Amino acid sequence: MKQQQYIPTIGLEIHVQLATKSKIFCGDATEFEANPNTQTSAISLAHPGTLPKLNKEAVEMAVKMGLAINSQIAPQVVFDRKHYFYPDSPKGYQITQHTLPICKGGDLELELADGTKKVIRFHQIHLEDDAGKSTHEPDSDKTLVDLNRAGMPLIEMVTEPDLSSAEEVGVLLEEVRKMVRFLGISDGNMEQGSLRCDANISIRPAHTEELGKKVEIKNMNSIRFVKKAVNYEIERQTNLLENGKPVEQESRLFDTDKGITQGMREKEDANDYRYYPEPDLVPYRITQEWLSKIKSQLPKLPKQLKYEFIETYGLPEYDAGVLSDSMFLSRQFELLMDENADPKRAANWLMGPIQSWFKEQKEDTLELPVHSIAKAINWVEEGKMSGTQGTQKLLPALLSNYQLDLEQFANANHLFLSTDSSMLDEAIESVLKSHPEDVLRYKKGKKGLIQLFVGKVMAATKGKADPKQVVGKLQEELNK
Ligand code: MN
């Protein structure tokens, strides 16, 4: 029997931990992996009588994300209480936004592997605080509670159910991760939990319109696992329907070891949370003036950079994609362009030796000696130095000493190509003279020997000759 076609419908809820210096409603520090319960205060421990105070930095970061996805920004920030009991949430409720999210609507265009584009709409972005963290001790019945995370600022980005495959989910998450990094609002680090994702998945027979029962997979913190979980869940639901069994509406967890999703608890209805307006926080007004200021300071995002690199500098699409994907590379490329470096060669140096070097550095906010690098790039471009000398000798020396005097170093190490053709002719002549047998073998057809002669000539000229010119002259000489 031919299996029926099913169409998956997927929506995501993406939690992004904002990179504010302090928590969202108090001054506690937000460092990752501080000793347990050292970044807490009477407010994050929810002592009676304490009052939250809104961190404006968190508001600004949420607004930046909203502007980046074309959301409508709310005129004021108001919060609601969402009640539930968690052992790691001393308040007994989460402060979140239920009635008026800070950002409404929005969209993001994805570029899929086959080159097609797809727009994913967003339902909203809201601000909320995080709960603490419980660690269940293996081999013991103890659970440890760390409240450092309690009160950390989060935005929750809720998409419309516009996604229909694991691939699209992966591309969206990668795009969001890139965006939060470029916007400087989060480190986007999934392993550390700065970006977490819940996925709502349902399937329906291709010929029907009505959506199937949706299953929510909670709290995944790796793009690879999210994609695996989505694929597993689509397959699981398809098997159920194929066998005439219903899909239960439920929350499931993805077991990363087994690669399967498992039922967790029934989904609460919204009213179980007993939402009501947070009485301890006054509404915070977002003025048009403030909004335009943030808008004017928004950094360029990867998509815009890629477009500019192609349009303004004539880079191939591949190069533009690689450079614009990386905050470091795109920034350095722009700086090199300000120094009038040749665009294509600058791209090659950045994607090759500079990127390898950068990966070995343990810092991610490095700046390069762009003025000197641009000069070196252009020496190669103008034929004054071979590409090999440039990338293998000059560049490494420069990267280990930003103050390097380029001319002096290049001269001292004979890096400039010799323009003196009589010296080259002499070197070729003496190399061929001292290898009569090899010359004979070459003439009898062992054309590969040309590499040997090139090597000898390069050595004789101390690398100052232009390899291309050497090959040409050697062939000319040998074919006489
Ligand atoms: Mn949430």
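Residues numbered from 1 in each chain as written. Predicted model: local features only at pLDDT ≥ 70, side-chain atom pairs only at ≥ 80, totals over all residues. Heavy atoms only, no water.

Caption draft 1: A look at the overall build of the protein. Helix and strand counts for the protein stand at 15 helices and 17 strands. Rg of the C-alpha trace for the protein: 30 Å, well past the compact-globule value of 23 Å for 480 residues, more than 25% over. With the C-alpha coordinates of the protein rotated into their principal frame, the extents come out at 95 × 65 × 50 Å. Here the protein, with 480 residues, has 47% of them falling under the buried criterion. Across the protein, contacts joining residues at least 24 apart in sequence account for 68% of those joining residues at least 6 apart. With the model as given, the accessible surface of the protein reaches about 25,300 Å², and the carbon-plus-sulfur share is 49%. In the protein, the 60 positive side-chain charges and the 72 negative ones have mean positions that sit 3 Å from each other. (Helix = DSSP H or I, 4+ residues; strand = E, 2+ residues; numbered from the N terminus. Rg over C-alpha atoms; globule rule 2.2 N^0.38 Å. Buried < 20%, exposed > 50% of the residue type's maximum accessible area, 1.4 Å probe, protein only. Contact = heavy atoms within 4.5 Å. Areas by Shrake-Rupley, 256 points an atom, 1.4 Å probe, with all protein chains shown as cover. Lys, Arg positive; Asp, Glu negative; His and termini not counted. Charge placed at Lys NZ, Arg CZ, Asp CG, Glu CD.)

Caption draft 2: Inspection of the pattern of salt bridges at higher detail. Applying the stated rule across the entire model yields 30 salt bridges. Of the charged contacts, one joins Glu-233 and Arg-236 as a salt bridge, the two residues approaching to 2.6 Å between their closest N and O atoms. Of the two residues, Glu-233 and Arg-236 are both situated in helix α3 (residues 223-242); the distance of 3 residues between them amounts to about one turn of the helix. Overall, Glu-233 belongs to the buried group, its relative accessible area being 0%. Of the charged contacts in the structure, one is a salt bridge between Glu-429 and Lys-433, with a shortest N-O distance of 3.5 Å. With a gap of 4 residues between them, Glu-429 and Lys-433 both fall in helix α12 (residues 421-433), about one helical turn apart. You can call Glu-429 partly exposed: its relative accessible area is 48%. Note on Lys-433: relative accessible area 64%, which makes it exposed. (Salt bridge = Lys/Arg side-chain N within 4 Å of Asp/Glu carboxyl O.)

Caption draft 3: The coordination of the manganese ion, seen in detail. Only His-15 (NE2), Glu-128 (OE) and Glu-156 (OE) from the protein reach the manganese ion as donors, at distances of 2.0 to 2.2 Å. Of note, the donors binding the manganese ion are all from one chain and are spaced H-x112-E-x27-E. Of this pair, His-15 sits in strand β1 (residues 6-17) while Glu-128 is found in strand β8 (residues 117-129), placing the two residues 113 residues apart along the sequence. With respect to burial, His-15 and Glu-128 carry one shared label: buried. (Donors = N, O, S within 2.8 Å, 3.2 Å for Na, K, Ca; no water.)

Caption draft 4: Spatial organisation of the sheet that holds strand β5 (residues 93-96). With antiparallel pairing, 3 strands are arranged side by side in an open sheet as β5-β4-β16. Pairing within the sheet leaves two strands with one partner each, and these edge strands are β5 and β16 (276-277). For strand β4 (residues 80-83) and β5, the ladder comprises 4 bridges, and the chain directions are antiparallel. By the bridge assignment for β5, Lys-82 is matched with Gln-94. (Pairing = 2+ DSSP bridges.)

Caption draft 5: Region of the structure containing helix α5 (residues 302-313). In this model, α5 (12 residues) spans 15 Å end to end at C-alpha, consistent with the 16 Å of a helix rising 1.5 Å per residue. Buried residues of α5: Pro-302, Leu-305, Lys-306 and Phe-309, and no others. One face of α5 carries all of its buried residues, which in axial projection span an arc of 100°. Facing away from the buried side of α5 by over 90 degrees, the exposed positions are Tyr-307, Glu-311 and Thr-312. In this structure, the buried residues of α5 make contact with β7 (107-111), α2 (166-183), α6 (317-325) and α7 (327-338). Phi turns positive one or two residues past the end of α5, at Gly-314, with a value near 65°. (Expected span 1.5 Å × (residues − 1). Arc of directions from axis to C-beta.)

Caption draft 6: Examining α2 more closely. Taking 1.5 Å per residue, 18 residues should reach 26 Å; α2 reaches 26 Å between its end C-alpha atoms and fits that length. The element α2 is extensively covered by neighbouring structure, given that 14 of its 18 residues are classed as buried. Backbone geometry just after α2 places Gly-184 at a positive phi near 70°.

Caption draft 7: Up close: the packing of aromatic side chains. A complete count under the given rule lists 11 aromatic pairs for this structure. A ring pair is formed by Phe-225 and Phe-254, whose centres lie 6.1 Å apart and whose planes are at 50°; its orientation type is tilted. Taken as a pair, Phe-225 in helix α3 and Phe-254 in strand β14 (residues 250-255) lie far apart in primary sequence, 29 residues in all. Given a relative accessible area of 11%, Phe-254 falls into the buried group. Aromatic side chains Tyr-284 and Trp-290 sit 6.3 Å apart centroid to centroid with 85° between the ring planes, which places their arrangement in the edge-to-face category. Members of the aromatic cluster, joined through ring pairs, are Tyr-84, Tyr-86, Tyr-273 and Tyr-275. The ring of Tyr-273 has Lys-82 lying over it, and the distance from NZ or CZ to the ring centre is 4.4 Å. (Phe/Tyr/Trp six-rings, centres within 6.5 Å; stacked < 30°, edge-to-face > 60°. Lys NZ or Arg CZ within 6 Å of the ring centre and 35° of its normal.)

Caption draft 8: Layout of the side chain of Ser-222. If you trace the backbone, Ser-222 turns up in the loop between β13 (215-220) and α3. Within polar-contact distance, the side chain of Ser-222 engages the backbone nitrogen of Phe-225 at 3.1 Å. (Polar contact = N/O pair within 3.5 Å; in protein donor to acceptor, adjacent residues only side chain to side chain.)

Caption draft 9: Up close: the environment of Gly-387. Position of Gly-387 relative to the elements: it lies in helix α10 (residues 387-400). Put simply, Gly-387 and Gln-76 are 311 residues apart on the chain and 57 Å apart in space, counted from C-alpha to C-alpha.

Caption draft 10: Representation of the domain arrangement of the protein in the model. Examined at the domain level, the protein breaks down into domain 1 (6-290), domain 2 (300-412) and domain 3 (421-478). Taking only C-alpha atoms, the centre of domain 1 and the centre of domain 3 are 66 Å apart. (Domains from an automatic or database assignment.)

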